[in-house]
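# Summary of structural features
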Amino acid sequence: MDEMFNKLQAVSDRYEELNELMSDPEVIADSDRFMKLSKEEGSIRETVEKYRRYRKVMDEISDDNDLLHEKLDPDMEELTKEELKELEDEKAQLEQEITVLMLPKDPNDDKNIIMEIHGAAGGDEASLFAADLFNMYSRYAEKQGWQVEVIDENATEVGGFKEIVLMITGDKVYSKLKFENGAHRVQRVPVTESAGRVHTSTATVGVMPEYEDVDIDLDPKDIRTDVFRSSGAGGQHINKTSSAVRMTHIPTGVVVSMQDQRSQQQNRVKAMEILKQRVYDYYASREQSEYDEQRKSAVGTGDRSERIRTYNFPQNRVTDHRINLTLNKLDRVMNGELDEIIDALLLNEQAEKMDELNRG
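It should be emphasised that the depicted structure is a prediction, and the values quoted were computed from it without experimental measurement. (Residues numbered from 1 in each chain as written. Predicted model: local features only at pLDDT ≥ 70, side-chain atom pairs only at ≥ 80, totals over all residues. Heavy atoms only, no water.)

## Re the layout of surface pockets
Using the following cut-off: Think of a 1 Å grid over just the protein atoms. A cavity is a set of points where a 1.4 Å probe fits yet cannot get out, a pocket is an open set with protein on both sides within 12 Å along at least five of seven lines, and lining residues have an atom within 4 Å of a point. Grid points are joined across faces, edges and corners, and a volume is the space filled by probe spheres set on the points. Only runs of H or I of at least four residues qualify as helices and only runs of E of at least two qualify as strands under DSSP, and these elements are numbered from the N terminus. In this count, Pro and Cys sit with the nonpolar residues alongside Ala, Val, Leu, Ile, Met, Phe, Trp and Tyr, while Asp, Glu, Lys and Arg are called charged and the others, Gly among them, polar.
There is about 1100 Å³ of room inside the largest pocket. Lining the largest pocket we find 32 residues, and of these Lys 105, Asp 109, Asp 110, Lys 172 and Ser 175 sit closest to its centre. The dominant element in the lining of the largest pocket, judged by the number of residues it contributes, is helix α3 (residues 31-68), at seven residues. Residue classes in the lining of the largest pocket are distributed as ten nonpolar, seven polar and 15 charged.

As structure tokens, then:
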């Protein structure tokens, strides 16, 4: 623990420095710098508070141990021993909490995300399940105080989605939704099934962090732009005009469709913004094979055998296969109550990181 507490002292010193800087009138006048420092201060505040409490507890334990070496009356000795036990328990709890706070963090955890949901194996039923997942994530986002913006959608005649692309913005979105990458399997009687048989279908979910301040120049000659009529909701205005935009970055094959905005110009601007994000993501992966492997592991092929989670409607059961977690509250999960699953996945990630640290 000594090495960790040397690091903690350095973090505490940095916290003091940040608070001094943030009270400097020159820094306050520079809003960009102030926001950057404020974000850093916020990210280490909890760690510093726990560390300071830990030091206080250690001092109190030392004082109580010194006291027990003196001649005390029986009542005072009993009180001191009780207090010492409580302090030792708090010390152990703080050590565990601080260890978790000091684990290596995913650099993308604070980022907003772009989420792609595709109906995969199962035809109409898969598209309906894709719509159910969209509603589930939208409700979860609402509970978290996040914003959801539909970037693109390809609706089916039965009311589902072949594909829907969202941008979700808010506090630490990626840290909680990164676990949703993969194939989601549904077992239920489809509305189109007259014989009442349970079918198995899949939808795939891909989660990509939103990269801030993407510094990439795309050559206009490398971009093919097509315009078409929007198929989404929006009234007669959208349906009568070719306001939707599809941009293809020819060198990488990255395609972005945008039909959420009211005008073609607004869709062009938004499509270019998302295109830059995806092309940046492509090049950040260095090699196309690496990119393809990344996307395959993120989204999967949608094959019924590939799945991270199964949603069994007849038994009101949801199972996350990565951590062998089963909950008999599927109705609540589909209503956006994902905390229990996501918290368990976070704990599993922390346990794996601790194992890596211990092995290292």
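## Considerations on the nonpolar core
Note the following rule: Nonpolar core, defined: a set of buried Ala, Val, Leu, Ile, Met, Phe, Trp, Tyr and Cys residues in which side-chain atoms within 4.5 Å join the residues together. Burial status follows relative accessibility: with a 1.4 Å probe on protein chains alone, a residue under 20% of its type maximum counts as buried, one over 50% as exposed, and anything between as partly exposed.
Counting 36 residues, the largest nonpolar core has Met 115, Ile 117, Leu 133, Tyr 137 and Leu 177 as the members making the most contacts within it. In terms of residue count, helix α5 (residues 123-144) provides more of this core than any other element does, nine residues in total. Ile 114, Met 167, Ile 223 and Val 279 belong to the second-largest nonpolar core, a separate cluster that totals 18 residues.

## Side note on the sheet that holds strand β7 (residues 244-249)
How we decide: Strand pairing requires that DSSP identify at least two bridges connecting the strands. Every axis in this analysis is a line fitted to C-alpha atoms, fitted for helices over the stretch in contact. Angles between the N-to-C directions lie between 0 and 180 degrees.
Taking strand neighbours across the sheet as the criterion, the three strands line up as β6-β7-β8 in an open arrangement whose pairing is antiparallel. One side of each edge strand has no neighbouring strand; the edge strands of this open sheet are β6 (223-228) and β8 (254-258). In this sheet, adjacent strand axes meet at a mean angle of 15° when their direction is disregarded. Of the pairings in the sheet, the one linking β7 to β8 comprises five bridges and is antiparallel in character. Residue pairing in the sheet places Arg 246 in a bridge with Ser 257 of β8.

## Quick word on the pairing of strand β9 (residues 309-312)
Residue alternation in β9 divides its side chains into two sets, Arg 309 and Tyr 311 and Thr 310 and Asn 312, and both sets are buried. Where strand β4 (residues 182-188) and β9 come together, four bridges link them in parallel fashion. Counterpart to Val 186 in the pairing with β9 is Tyr 311. Pairing of β9 with strand β10 (residues 317-320), which is carried by four bridges, proceeds in the antiparallel orientation. Each bridged residue has a counterpart across the sheet, and for Arg 309 the counterpart in β10 is Asp 320. Turn length for the β9-β10 hairpin, with the two strands adjacent in sequence and antiparallel, is four residues, and the turn residue Asn 316 shows positive phi of about 50°.

## So, the pattern of salt bridges
Let me state the cut-off plainly: Salt bridges are defined as contacts in which a side-chain nitrogen from Lys or Arg sits within 4 Å of a carboxyl oxygen from Asp or Glu.
Per the counting criterion, the structure on display carries 27 salt bridges. One salt bridge connects Glu 180 with Arg 309, and the closest N-O pair in it is separated by 2.7 Å. With Glu 180 in the loop between α6 (173-177) and β4 and Arg 309 in strand β9, this pair connects stretches of sequence that are 129 residues apart. Considered together, Glu 180 and Arg 309 belong to a single accessibility category, that of buried residues. Asp 320 is the partner of Arg 309 in a salt bridge, and the nearest nitrogen-oxygen pair spans 3.1 Å. Residue Arg 309 is located in strand β9, and its partner Asp 320 is located in strand β10; the two are separated by eleven residues in the primary sequence.

## Overview of the sheet that holds β4
So the rule is basically this: It only takes one pair of heavy atoms within 4.5 Å for two residues to be counted as in contact.
The sheet built from eight strands is open, its strands ordered β2-β3-β1-β5-β4-β9-β10-β11 with mixed pairing. Only two strands of the sheet have a single neighbouring strand rather than two, namely β2 (147-155) and β11 (325-327). Sheet twist, expressed as the average angle between the axes of neighbouring strands with direction ignored, equals 15°. Across eight bridges, β2 lies against strand β3 (residues 161-169) in antiparallel orientation. Bridge assignment links Gln 147 to a residue of β3, and that residue is Thr 169. Sheet strands touched by helix α11 (residues 339-359): β9, β10 and β11. Its angle to β11, the strand with the most contacts, is close to 170°.

## A few points about a negative patch on the surface
The condition that has to hold: Only residues above 30% relative accessible area that lack a salt bridge enter a patch, with like-charged residues linked at up to 9 Å and the nonpolar side chains Val, Leu, Ile, Met, Phe, Trp and Tyr linked at up to 5 Å. Computed by Shrake-Rupley with a 1.4 Å probe, the accessible areas treat only the displayed protein chains as cover when residues are assessed. In this tally, Asp and Glu contribute negative charge and Lys and Arg positive charge; neither His nor the terminal groups of the chain are included. In this description, the location of a charge corresponds to atom NZ of lysine, CZ of arginine, CG of aspartate or CD of glutamate.
A cluster of acidic residues, Asp 73, Asp 75, Glu 78, Glu 82, Glu 83 and Glu 86, forms a negative patch at the surface. Note that Glu 78 resides in helix α4 (residues 74-101).

## Comments concerning the packing of aromatic side chains
By convention here, two paired aromatic rings are described through the distance between centres and the angle between planes. Definition in use: Two rings from Phe, Tyr or Trp (for Trp, the six-membered ring) form a pair when their centres sit within 6.5 Å of each other. Planes less than 30 degrees apart are called stacked, planes more than 60 degrees apart edge-to-face, and all others tilted. Charges are assigned to positions over rings by a cutoff of 6 Å between ring centre and Lys NZ or Arg CZ, combined with an angular limit of 35 degrees from the ring normal.
With the rule as written, the count across this model stands at three aromatic pairs. On the basis of an interplanar angle of 65° and a centroid distance of 5.2 Å, the ring pair of Phe 129 and Tyr 311 is categorised as edge-to-face. With Phe 129 in helix α5 and Tyr 311 in strand β9, this residue pair connects regions lying 182 residues apart in the sequence. Exposure class is identical for Phe 129 and Tyr 311. Each is buried. In this structure, Arg 188 is placed above the aromatic ring of Phe 313, and the distance from its NZ or CZ to the ring centre is 4.7 Å.

## Re the side chain of Lys 353
Positionally, Lys 353 belongs in helix α11. Here Lys 353 is buried and forms no salt bridge, its nearest opposite-charge partner Glu 349 lying at an N-O distance of 4.3 Å. The contact partners of Lys 353, leaving out residues within four places of it in the chain, are Leu 103, Pro 104, Lys 105 and Asp 106.

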